[in-house]
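Chain residues, written in single-letter form:
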Amino acid sequence: MSPVVGDRRDAVELSIGGMTCASCANRIERKLNKIDGVSATVNYATEKAKVTFPEGVDAGRLIAEVEKTGYTAEVEKTGYTAALPEPPPAETERGGPGSATEADRGLRPLRDRLATAVALAVPVIAMAMIPPLQFTNWQWLSLVLAAPVVVYAGWPFHRAAWTNLRHGAATMDTLISVGTIAAFGWSVWALFLGGAGVPGMTHPFALTIERTDGSGNIYLEVAAGVTAFILAGRYFEARSKRRAGAALRALMELGAKDVAVLRDGVETRVPSDRLTAGDRFVVRPGEKIATDGVVEEGASAVDASMLTGESVPVEVRPGDAVTGATVNAGGRLVVRATRVGADTRLAQMARLVEDAQNGKARVQRLADRVSGVFVPVVIALAVGTLGFWLGSGAGPAAAFTAAVAVLIIACPCALGLATPTALLVGTGRGAQLGILIRGPEVLESTRRVDTVVLDKTGTVTEGRMTLTAVHLADGQDEAEVLRLAGALEDASEHPIAQAIARGARERAGELPTPEDFANVEGLGVQGVVDGHAVLVGRPRLLAEWSQRLPSGLEEALRDAHDSGRTAVAVGWDGEARAVLVVSDTVKPTSAEAVRRLRDLGLTPVLLTGDARAVAASVAAEVGITEVVAEVLPAGKVEVVERLQAEGRVVAMVGDGVNDAAALARADLGLAMGTGTDAAIEASDLTLVRGDLRVAADAIRLSRRTLATIRSNLFWAFAYNVAALPLAALGLLNPMLAGATMAVSSAFVVANSLRLRRFR
């Protein structure tokens, strides 16, 4: 009994069986979309259908509709909140029991038929093409060898053609089946009823068609050769599709398989899928972090390279967030799980990649429409070719050969593979580099974008306050100033205080514990550190204790304020000692990223809610000339709309909740993966790393993928447009037509696989 999708579910993913070409996918898609309220996308390369539907429609009805079309279907996932796809089973040693993966088992029948076809077709082709090999009665040996090739090896084509015929449809398999059966049937007639069966019969192999009555000609090499060539094309196509989807499978296999959970103080090893939010678990050096969480105990460096592509490990301490599937490279950590299963960052990445691979770009929809009408047109053209040659007096042999060549050459394999294979490889390579493309429609946008709006905080800058400068009064020691000021600020929760404490700890080492700590509202903090009465805050706080800033510190304070930075004064024991400057620092890679974006023909615009002085300082540092400052969160959408009204095609890069609306409104939204879920959900591209250079890489990869799709479609169309007239004119042997068709498909797949080398 088919599984039923409940009323609360509105989406299902079906695994489709029996598809052999783009025409098959197009037929299933049309059939499903005829159901009221149903929207379906069928992808030939991934052999999946993504279907959304209203209440009252269940998966059983969808499966029944697919089966009426002559194919099989089964539910793979229900609902958009489906968990991370289960990774394929691990391979055991080659040759041993269970050595074949599920995909290998699917390829094995095809491989067996191909081996049979090649072994038997080679001598048939050799005897037909090389006259010295045509010994007495060679033609009867050819018949014996060719029959298993046409009947057994070619059975999938004949079965699919018959199924389609019963449903009143025609696909590529129809062309192959009709062509090979016609060639084989003609040869059998010529051998038994014509003059081809006489002992000593020979005929030369030629690329042109001789005008004869055909009774002495046999085409067993065409029937066997075409079957072998097309089976070879199908086999290598299936293998290439598996290689193209390898990135998603690798992504699914990244997660930890088991985890040491702390329960009542005791470590218990359990499968990682049994973790629940709130569980505390131990991660030892070298182990993968089982799921997203927060560090509660320990400090370490975490290697996230396999997930983000970032080669430098990140230092983590208690309170820091960590991501599942990253590797603990240092000390022992105790982590509290915050997200598990389908909610983890890894699961979200896999879902985004899979959705992108299952989608279709606008160019692919055009190809689908073409392939949907292509087969009937080709059959009509073959019939017309047969009639023309017969009517012109060329004889049945010439007419028949030209018609068969038209049927064989026209198979639009390459057309069906052009977009899906490029998408599979491009999105998979993106996932390896930390670039998640939400869907193929995004590729069209990247081609047209001419302006990129960069949110400042968290995108161009680090997004947190950092100690950037220390100005000392005469005779003061920097380490001493930082140790005393940092100790006092460490007791405060204020972001500026925490920035000073962090900077002090990094530059001066461990900080002492203050005594008599007090927060002076609006002015700063005071307390006793190592016997010194320390003040840290506004100059007014120090002035209340008769500690006046010397002229050098006054000037440093003014310069900091003029450049939009925050400055605090430090004093102790009745004397002002230093001015500490705190600011949101520019990421070290941002200037290079802006240069790369300019090289792509994009005009960068800096967008921020900060003061103009701050924005101008950051823009000058990274090389941006167009700045929009003092913008409220709601105003970011207005800025994007204003740029669009000027005729610009706008990309937006951001990371915060307040960027989500602008990301959604932009022609292309890019969210930093270090940002909020709201920003990521609103974006078209997610950059897993918090490095702005990846934005330029994402646009380059998207444009490269789109260019690959277009070149694939050009060559697929050009092949058919150029080859069909040659076949119809009788200038193309049917066997060579089959070989050429297989080569065109291989070319498209190989062209797509070049994206795996994208850097």
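Cut-offs applied
- Residues numbered from 1 in each chain as written.
- Predicted model: local features only at pLDDT ≥ 70, side-chain atom pairs only at ≥ 80, totals over all residues.
- Heavy atoms only, no water.
- UniProt positions renumbered as here; feature names shortened; annotations may be inferred.
- Pairing = 2+ DSSP bridges.
- Helix = DSSP H or I, 4+ residues; strand = E, 2+ residues; numbered from the N terminus.
- Axes fitted to C-alpha atoms, helices over the stretch in contact; angles between N-to-C directions.
- Contact = heavy atoms within 4.5 Å.
- Buried < 20%, exposed > 50% of the residue type's maximum accessible area, 1.4 Å probe, protein only.
- Polar contact = N/O pair within 3.5 Å; in protein donor to acceptor, adjacent residues only side chain to side chain.
- Phe/Tyr/Trp six-rings, centres within 6.5 Å; stacked < 30°, edge-to-face > 60°.
- Arc of directions from axis to C-beta.
- Salt bridge = Lys/Arg side-chain N within 4 Å of Asp/Glu carboxyl O.

Per an unreviewed UniProt entry, the recorded name for the chain is Cation-transporting P-type ATPase B, and the organism is Sphaerisporangium album. Under the UniProt heading Catalytic activity (unreviewed entry), the entry covering the chain gives this text: "ATP + H2O = ADP + phosphate + H(+)". Its UniProt record gives the chain a comment under Sequence similarities (unreviewed entry), which states: "Belongs to the cation transport ATPase (P-type) (TC 3.A.3) family. Type IB subfamily."

A.B. asks: Explain the sheet that holds strand S16 (residues 461-472) here, please?
C.D. replies: The strands making up a sheet associate through backbone hydrogen bonding, with each pair oriented either parallel or antiparallel. Spatially, S16-S21-S20-S19-S18-S17 is the arrangement adopted by the six strands of the open sheet, whose pairing is antiparallel. A strand with exactly one partner marks an edge of an open sheet, and here the two such strands are S16 and strand S17 (515-520). The sheet shows a mean angle of 20° between the axes of neighbouring strands, direction not considered. Bridge count for strand S19 (residues 532-537) against strand S20 (residues 566-572) is four bridges, and the pairing is antiparallel. Each residue of the ladder has a partner; that of leucine 535, found in S20, is glycine 571. Those strands touched by helix H16 (residues 478-489) are S16, S17, strand S18 (524-529), S19, S20 and strand S21 (575-586), and its axis lies near 75° from that of S19. Against the sheet, helix H19 (residues 551-562) touches S16, S20 and S21, its axis set at about 20° to S21.

A.B. asks: What am I meant to see in helix H2 (residues 59-68) here?
C.D. replies: Along an α-helix, residues three or four positions apart point the same way, because every turn accommodates 3.6 residues. Three or more residues of H2 are buried, namely Ala59, Gly60, Leu62, Ile63, Glu65 and Val66. Its side-chain oxygen placed 3.0 Å from the backbone nitrogen of glycine 60, aspartate 58 serves as the N-cap of H2. Two residues or fewer past H2, glycine 70 is found with a positive phi of approximately 105°.

A.B. asks: Even after reading the chapter, I still don't get the environment of isoleucine 16, so can you show me in this structure?
C.D. replies: By secondary structure assignment, the location of isoleucine 16 is in strand S1 (residues 11-17). For isoleucine 16, a relative accessible area of 4% corresponds to the buried category. Put simply, isoleucine 16 and glutamate 67 are 51 residues apart on the chain and 9.7 Å apart in space, counted from C-alpha to C-alpha. Beyond its immediate sequence surroundings of up to four residues, isoleucine 16 is in contact with Ile28, Glu47, Lys48, Ala49, Val66, Tyr71, Thr72 and Ala73.

A.B. asks: Help me understand the packing of aromatic side chains, please; the structure alone is not making it clear to me.
C.D. replies: Given two aromatic rings, one states the distance between the centres and the angle between the planes to describe the pair. For the structure shown, the criterion picks out five aromatic pairs. Summarising the aromatic geometry, the rings of phenylalanine 388 and tryptophan 389 are spaced 6.2 Å apart at their centres and angled 80° between planes, so their arrangement reads as edge-to-face. Residue phenylalanine 388 is classed as exposed on the basis of its relative accessible area of 56%. Ring centres 6.0 Å apart and planes at 75° place the aromatic pair tryptophan 715 and phenylalanine 747 in the edge-to-face group.

A.B. asks: Where do I start with helix H21 (residues 612-622) in this structure?
C.D. replies: When we look at burial in H21, the residues that qualify are Val614, Ala615, Val618, Ala619 and Val622. Looking straight down H21, one finds that the buried residues subtend no more than 125° of arc, so they occupy a single side. Seen from the open side of H21, the exposed residues pointing more than 90 degrees away from its buried face are Arg612 and Ala620. Where H21 is buried, its residues touch helix H15 (456-460), S16, S21, helix H20 (590-599), strand S22 (603-607) and strand S23 (626-628). Backbone geometry just after H21 places glycine 623 at a positive phi near 90°.

A.B. asks: I keep staring at the pattern of salt bridges and nothing clicks. Help me out?
C.D. replies: Where charged atoms of side chains with opposite charge meet at close range, the side chains can pair. One pass over the structure, following the stated rule, counts 27 salt bridges. Where arginine 648 meets glutamate 626, a salt bridge forms, and the shortest distance between an N and an O atom there is 3.2 Å. You can see arginine 648 sitting in the loop between helix H22 (635-645) and strand S24 (650-654) and its partner glutamate 626 sitting in strand S23, a full 22 residues away along the chain. The exposure class of glutamate 626 is partly exposed, given its relative accessible area of 24%. Residue glutamate 646 pairs with arginine 648 through a salt bridge whose shortest N-O separation is 3.4 Å. A network of salt bridges, in which partner residues are shared, links Glu592, Arg595, Arg596, Asp599, Asp691, Arg693, Asp697 and Arg700.

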